[in-house]
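Here's the letter readout for the chains.
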2 protein chains.
Amino acid sequence: MQLHRDDVVDGAIAILDQYGLADLTMRRLAGALRVQPGALYWHFPNKQALLGAVADRILAPMERPVAAGDWSGALTELAHRLRDCLLTYRDGAELVSATYASRLTTSTGRERLAGTVVRAGIPREQAELAAYTLLYYVLGHTVDEQSRMQMDSAGALTDPPAESTGPLAESPDPTARFDFGLQLFTAGIRHRLGSDVR
Amino acid sequence: MQLHRDDVVDGAIAILDQYGLADLTMRRLAGALRVQPGALYWHFPNKQALLGAVADRILAPMERPVAAGDWSGALTELAHRLRDCLLTYRDGAELVSATYASRLTTSTGRERLAGTVVRAGIPREQAELAAYTLLYYVLGHTVDEQSRMQMDSAGALTDPPAESTGPLAESPDPTARFDFGLQLFTAGIRHRLGSDVR
DNA sequence: ACCTGAACACCGTTCAAGT
DNA sequence: ACCTGAACACCGTTCAAGT
């Protein structure tokens, strides 16, 4: 049985989702694929490249077209879809955020965000900056949200009726909290459209 | 010569700044302090705790009072100061962002940001959310900015007259780019003050 | 072309034992 | 109280050699 590039990514995703990013090692992955660690290096030059391919897989749904017509609807849809991608697998947000340090530049999600902001009427250069701003927010929020989820599902067993873990514990819906920052962002864009935009 | 907790943090900061986060290992740090690796575990329970102490050191200037009187000035000042803290040492942004996954909740910088937003006239719960939003932006932006700086100073020797590295290469001043996102944020806050705030 | 076997140069952490 | 010595259980990566 030949091992293909996609099989390696499949195996990596499986380990990621079941055991988390810390357990996603080349040796463990090789073991799961019933192969020697060195074999992986025929398919990928190094671990970083493998993680990049995993990140691409996680973000694949970002390619699909958006339904919303107006720019603010499209922006909201893209931001939510990005968050959904990151939340699909355990430690997905952390992996993408760690792996896309510089890779963000070529990310297709970033381009589409920027294009949508341009459509709103913001000059190209500023739209690029706005896209980054939104991206930083979505990544930061989702990494935080996901790590809290995992802390909760671990702590729920050891610490059942804990009062509150911090100033965010009382906020009800994670999605509502996400939307708050999103609305702050779109309001900021709208304000730039109102004022002198040049 | 007795080794104290602060000496360990000093040594860690020195290695971080000279060789980067990847080279900040317990063994290397022990070597620099002329001590066995195990000795560090008398002063800190594990590496994570050590990195937390390093992060606290990096963020120490956040405690100083702010000069600006109005809320938007104070917000801008705090955001800039946070960025400055992160840029002071090599890989500072990456270390803080990696180490403060859950530690953000108790961070003093976050509290002060939230307090400032409350002063603007936003209800407490929303102000907390806004503070997180700003924090995610500053961290994301600065990690990106700092990693680009290091890629440039490494690539400048191997790749002198490269055309452009991406859609951000033409933007002139990193500080101006930082301010753009910051203004987007404050405009968003201001918009919430204008509308029904409850 | 694709993989094995085996090594190289590291990690973080623990812990009896020393002083 | 503070540290050494030495081990344990891992890492990512390389590379001759096999098929």
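Counting from 1, residues in each chain are numbered in the order their sequence is written. Each chain gets a letter, beginning with A, and each ligand a number, beginning with 1, in the order they are written. Whole-chain, interface and lining totals are the exception, using all residues; otherwise, since this is a predicted model, local features are given only for residues with pLDDT of at least 70 and side-chain atom pairs are given and counted only at 80 or more. Side-chain measures here rest on the full set of heavy atoms in the structure, leaving out hydrogens and waters.

### Quick notes on the overall build of chain A
Part 1 of the argument: Secondary structure elements follow DSSP: runs of H or I of four or more residues count as helices, runs of E of two or more count as strands, with numbering from the N terminus. Across its full length, chain A carries nine helices and zero strands.
Part 2 of the argument: Going from N to C terminus, chain A has its helices and strands arranged as α-α-α-α-α-α-α-α-α.
Part 3 of the argument: Note on exposure labels: buried denotes an accessible area under 20% of the residue type's maximum, exposed denotes more than 50%, and partly exposed covers the range between, all computed with a 1.4 Å probe on protein chains only. The proportion of buried residues among the 198 residues of chain A is 47%.
Part 4 of the argument: In chain A, 71% of the contacts between residues at least 6 apart in sequence involve partners at least 24 apart.
Part 5 of the argument: Here chain A has roughly 9,800 Å² of accessible surface; of this, 53% comes from carbon and sulfur atoms. The contact rule is simple, with two residues in contact once any of their heavy atoms fall within 4.5 Å. Note that accessible areas follow from Shrake-Rupley with a 1.4 Å probe, and for residues the cover is restricted to the protein chains shown.

### A closer look at the protein's contact with DNA strand D
Part 1 of the argument: Being near a molecule or strand, for a residue, comes down to having at least one heavy atom within 4 Å of it. Surrounding DNA strand D, one finds 16 residues, the nearest of these being Arg-27 and Tyr-41 of chain A together with Gln-36, Trp-42 and His-43 of chain B.
Part 2 of the argument: The share of sugar and phosphate among atoms of DNA strand D within 4 Å of the protein is 65%.
Part 3 of the argument: Contacts to DNA strand D include Tyr-41 of chain A, whose side-chain N or O atom sits 2.6 Å from a phosphate oxygen.
Part 4 of the argument: Whenever a nitrogen or oxygen atom comes within 3.5 Å of another N or O atom, the pair is scored as a polar contact, on the condition that within protein one atom can donate a hydrogen and the other can accept it, and that pairs from neighbouring residues in sequence are kept only if both atoms are in side chains. In this structure, a sugar or linking oxygen belonging to DNA strand D sits 3.0 Å away from a side-chain N or O atom of Gln-2 of chain B.
Part 5 of the argument: Elements supplying a minimum of two residues to the surface near DNA strand D: α2 (26–32) and α3 (37–43) of chain A together with α3 (40–43) of chain B.

### Quick notes on the protein's contact with DNA strand C
Part 1 of the argument: By nearness alone, 16 residues border DNA strand C, and Gln-36, Trp-42 and His-43 of chain A together with Arg-27 and Tyr-41 of chain B come closest of all.
Part 2 of the argument: Restricting the count to atoms of DNA strand C within 4 Å of the protein gives a sugar and phosphate share of 65%.
Part 3 of the argument: Thr-25 of chain B is positioned with one of its side-chain polar atoms (N or O) 3.4 Å from a phosphate oxygen of DNA strand C.
Part 4 of the argument: Measuring from a phosphate oxygen of DNA strand C, one finds a backbone N or O atom of Met-26 of chain B at 3.0 Å.
Part 5 of the argument: Looking at the surface near DNA strand C, the elements with two or more residues in it are α3 of chain A together with α2 (26–32) of chain B.

The values are spatial; any link to function lies outside them.
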